[in-house]
Amino acid sequence: MALRVQKYGGTSVANIERINCVADRVQKAFDEKDQVVVVLSAMSGVTDSLIALAKQAAERPDRRELDVLLATGEQTTAALLAIILKSRGYKAKSFLGFQAGIKTDKTSGKARILDINCKNIQTSLDEGYICVVAGFQGADEDGAITTLGRGGSDTSAVAIASSLKADVCEIFTDVDGVYTTDPRICSSARKIKKISYEEMLEMAILGAKVLQIRSVEFAKKYNVPVHVRSSFNEEEGTMVVNESADMESVIVSGITCDMNEARITLKRVPDQPGISAKIFSPLAKAEISVDMIIQNTRTGGDTDLTFTVTKDDFDRALEITEKVAKEVGAEEVITAEEIAKVSVIGLGMKSHSGVAATMFEALASENINIRMISTSEIRISCVILAKYAELAVRTLHSAFGLDQIK
Ligand code: ASP
Ligand code: MG
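Reference entry: report on the structure contained in this document. Numbering of residues starts from 1 in every chain and runs along the sequence as written. Working convention: letters from A go to chains and numbers from 1 go to ligands, in the order in which they are written. Selection of residues for local features in this predicted model requires a pLDDT of at least 70, selection of side-chain atom pairs for listing and counting requires 80 or more, and totals for whole chains, interfaces and linings are taken over all residues. Values reported for side chains reflect all heavy atoms of the structure, with hydrogen atoms and water molecules removed beforehand.

1. Let's talk about the side chain of Arg 25
Residue position: Arg 25 is located in helix 1 (residues 16-31). Residue burial is assigned from relative accessible area. The probe radius is 1.4 Å, only protein chains are included, and a residue is buried under 20% of its type maximum, exposed over 50%, and partly exposed in between. Since its relative accessible area comes to 14%, Arg 25 is described here as buried. The residues touching Arg 25, leaving out its near neighbours within four places in the chain, are Tyr 8, Phe 172, Ser 230, Ser 231, Phe 232, Asn 233 and Glu 234. Every helix listed is a DSSP run of H or I at least four residues long, and every strand listed is a run of E at least two residues long, numbered separately from the N terminus. In what follows, a contact means two residues having at least one pair of non-hydrogen atoms within 4.5 Å.

What follows is the structure, encoded as structure tokens:
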């Protein structure tokens, strides 16, 4: 007998017909003598419509009450699945986040899980119940409902799996698993059978939307085996697990493309101690996170400084930078063309050299100019013009042989 946590995303519970299909799967696992905890998202589109509704009620809806509202999306699906399972003669019980023992901090809309105690669920499992939990939510120390950020049901599921020491946390979604790159851009993209937490984390940060970033951090920290798979077929998906020796033999496991960044350049900044601090401190104070930074020193005592921020933060970042530029005596602030960040990711980079050279040569062969470069232990990213993004992804995918490996 295994203990399985199964999480179903919005498209998998989009209507009663789909929730009935979820019930079929849950029922099958239960009939095979497994203990099953189901974690659900809201029906697809519901969270967005609830946000829109709140914005009709007030221009800036109170964040505490917004969380109360948003949590109802998951409350609805959890109750519906429990109703269906019971009507089929199964013992089932629904749990809201706080009933499942999920305690969070007080950051409305983006709360972090501080503690989780699944004793209620464990007792019900031992009594032979199928437990259905509303994802995406918890409660703070005062009992106020909180939500865990968009895509947060993934994190609910991983947290519950870790607390119950489940054998596996299955994330059922509308894709077959994690791919070597976006199949919509590159038709030879392949499903990855097994990927390490570290690689998955880089992929999630770079915009592969299959898993919420926090859920991967959580899984990595508590060593929860995660199986990302489709709720529309029976095929095996992608296992996200601890790194193992065989993984390092694959030098590059995935290529990502992030179109969500924008670039700001300060021309001719005085080359003196303290200038970078003057530029980046106000951005940090405004909670704008800066991704890549490059500085070119030239003779003559000044330097050009370029950095990237997300498109969401761009307007605010530009306003702040223009103000600081005047204070530090920079010549001008320029905002470059639309950019894309293409990255190659792989554990094998730790032990193999030449990955950067292969990447640069591949881009050069298509005449794609590299504007910025950044690296981590298992990733190399290049900023290029957005119009070359798809070509770059396809070129890199074949340069690293990703279309061939079975
Ligand atoms: N319903 C929430 C969202 O749309 C949480 C989730 O689906 O994981 O972001
Ligand atoms: Mg999701």
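More follows now that the structure is in view.
2. A short note on the site of ligand 1
One heavy atom within 4 Å of a molecule or strand makes the whole residue count as near it. Around ligand 1, a shell composed of Ser 41, Ala 42, Thr 47, Glu 74, Phe 136, Arg 150, Gly 151, Gly 152 and Ser 153 is seen. Compared with its free state, where it exposes 260 Å², ligand 1 has 85% of that area covered by protein. The residue classification treats Ala, Val, Leu, Ile, Met, Phe, Trp, Tyr, Cys and Pro as nonpolar and Asp, Glu, Lys and Arg as charged. All others, Gly included, are polar. Its residues placed into classes, the shell around ligand 1 shows two nonpolar, five polar and two charged. Surface accessibility in these figures is a Shrake-Rupley result with a 1.4 Å probe; residues are shielded only by whichever protein chains are displayed.

3. Section: the state of the cysteines
For the purposes of this analysis, a disulfide is any pair of cysteine sulfur atoms at a distance within 2.5 Å. What the rule picks out here adds up to zero disulfides. Among the cysteines around Cys 169, which has no disulfide bond, Cys 118 carries the closest sulfur, lying 12 Å off. For Cys 257, which is in no disulfide, the shortest distance to another cysteine sulfur is to Cys 186 and amounts to 12 Å.

4. Some thoughts on the packing of helix 5 (residues 153-164) against helix 7 (residues 213-222)
Helix axes are fitted only over the stretch in contact, all axes being lines through C-alpha atoms; the angle between N-to-C directions runs from 0 to 180 degrees. Interaxial distance between helix 5 and helix 7 falls to 8 Å at its minimum, and their mutual angle equals 15 degrees. Between helix 5 and helix 7, the interaxial angle falls into the category roughly parallel. In the packing of helix 5 onto helix 7, the handedness of the crossing is left-handed. Only Arg 214, Ser 215, Phe 218, Ala 219 and Tyr 222 of helix 7 make contact with helix 5, whose side of the interface consists of Asp 154, Thr 155, Val 158, Ala 159 and Ser 162. Looking at the contact of helix 5 with helix 7 residue by residue, the class counts come to five nonpolar, three polar and two charged. Orientation is classified from the angle alone, with under 35 degrees giving roughly parallel, over 145 giving roughly antiparallel, 65 to 115 giving roughly perpendicular, and any other angle giving oblique. Throughout, a crossing is termed right-handed when the near helix is turned clockwise from the far one, and left-handed when it is turned anticlockwise from it by less than a right angle.

5. So, the packing of helix 2 (residues 46-57) against helix 3 (residues 63-87)
Helix-helix packing: each pair is described by the crossing angle between the helix axes and the interaxial distance. For the pair helix 2 and helix 3, interaxial distance at closest approach is 9 Å and the crossing angle is 150 degrees. In terms of orientation, helix 2 lies roughly antiparallel with respect to helix 3. Read as a crossing pair, helix 2 and helix 3 show a hand that is right-handed. Where helix 2 abuts helix 3, its residues Val 46, Thr 47, Leu 50, Ile 51 and Ala 54 lie against Leu 66, Leu 69, Leu 70, Thr 72 and Gly 73. Across the contact of helix 2 with helix 3, the residue classes tally to seven nonpolar, three polar and no charged.

6. Section: the packing of aromatic side chains
Aromatic rings from Phe, Tyr and Trp, with only the six-membered ring used for Trp, were paired whenever their centres fell within 6.5 Å, and each pair was classed as stacked if the ring planes differed by under 30 degrees, edge-to-face if by over 60, and tilted otherwise. Across all of its chains, the model carries four aromatic pairs by this definition. Both rings, one in Tyr 8 and one in Phe 172, keep their centres 4.6 Å apart while their planes meet at 5 degrees; by these two values the pair is stacked. Of this pair, Tyr 8 sits in strand 1 (residues 3-8) while Phe 172 sits in strand 9 (residues 168-173), and the two are 164 residues apart along the sequence. Accessibility assignment for this pair places Tyr 8 and Phe 172 in one class, buried. Seen from their ring centres, Phe 280 and Phe 307 are 5.2 Å apart, and the 75 degrees between their planes marks the pair as edge-to-face. Taken together, the positions of Phe 280 in helix 8 (residues 275-285) and Phe 307 in strand 16 (residues 302-310) put the pair 27 residues apart, joining distant regions of the chain. Under the relative-accessibility criterion, Phe 280 is labelled buried at 17%. Positioned over the ring face of Phe 232 is Arg 18, at 3.9 Å from the centre of the ring. Only when the NZ of Lys or the CZ of Arg is both within 6 Å of the ring centre and within 35 degrees of the ring normal is a charge said to sit over the ring. Residue placement shows Lys 91 over the ring face of Tyr 129; its charged tip is 4.8 Å from the ring centre.

7. What about helix 5?
Across its 12 residues, helix 5 extends 16 Å between first and last C-alpha, which sits within 8% of the 16 Å expected from 1.5 Å per residue. The buried count for helix 5 comes to 11 of 12 residues, which makes it a mostly enclosed element. Considered for burial, the residues of helix 5 that qualify are Ser 153, Asp 154, Thr 155, Ser 156, Ala 157, Val 158, Ala 159, Ile 160, Ala 161, Ser 162 and Leu 164. Backbone geometry just downstream of helix 5 places Lys 165 in the positive-phi region, at approximately 55 degrees. A helix's residues, less one, multiplied by 1.5 Å, set its expected span.

8. Quick word on helix 1
For helix 1, built from 16 residues, the straight-helix expectation of 22 Å at 1.5 Å per residue is met to within 8% by its first-to-last C-alpha distance of 22 Å. Those residues of helix 1 lying buried are Arg 18, Ile 19, Val 22, Ala 23, Arg 25, Val 26, Gln 27 and Ala 29. Buried residues along helix 1 sit against strand 1, strand 2 (35-40), helix 3, strand 6 (130-134), strand 9 and strand 11 (226-230). With its phi angle positive at about 75 degrees, Lys 33 sits one or two positions after the end of helix 1.

9. Structural notes on the pattern of salt bridges
Between Lys or Arg on one side and Asp or Glu on the other, a salt bridge is scored when a side-chain nitrogen of the former is within 4 Å of a carboxyl oxygen of the latter. Across all of its chains, the model carries 26 salt bridges by this definition. Arg 88 is paired through a salt bridge with Asp 24; the nearest N and O atoms lie 2.8 Å apart. Here Arg 88, found in the loop between helix 3 and strand 3 (92-95), pairs with Asp 24, found in helix 1; they are 64 residues apart in sequence, far enough to count as distant. For Lys 341, the salt bridge identified is with Glu 261, shortest N-O distance 3.2 Å. With Lys 341 in strand 18 (residues 339-345) and Glu 261 in strand 14 (residues 261-270), this residue pair connects regions lying 80 residues apart in the sequence.

10. A short note on the sheet that holds strand 2
Within the open sheet, the eight strands sit side by side as 3-6-2-1-9-11-12-10. Their pairing is mixed. Every interior strand has two partners, whereas the edge strands, strand 3 and strand 10 (194-196), have only one. Direction aside, the axes of adjacent strands within the sheet are offset by 20 degrees on average. A pair of strands is labelled paired if DSSP reports no fewer than 2 bridges between them. By the bridge criterion, four bridges tie strand 3 to strand 6 in an arrangement that is parallel. Looking at strand 6, one finds that Ser 94 is bridged to Val 132.

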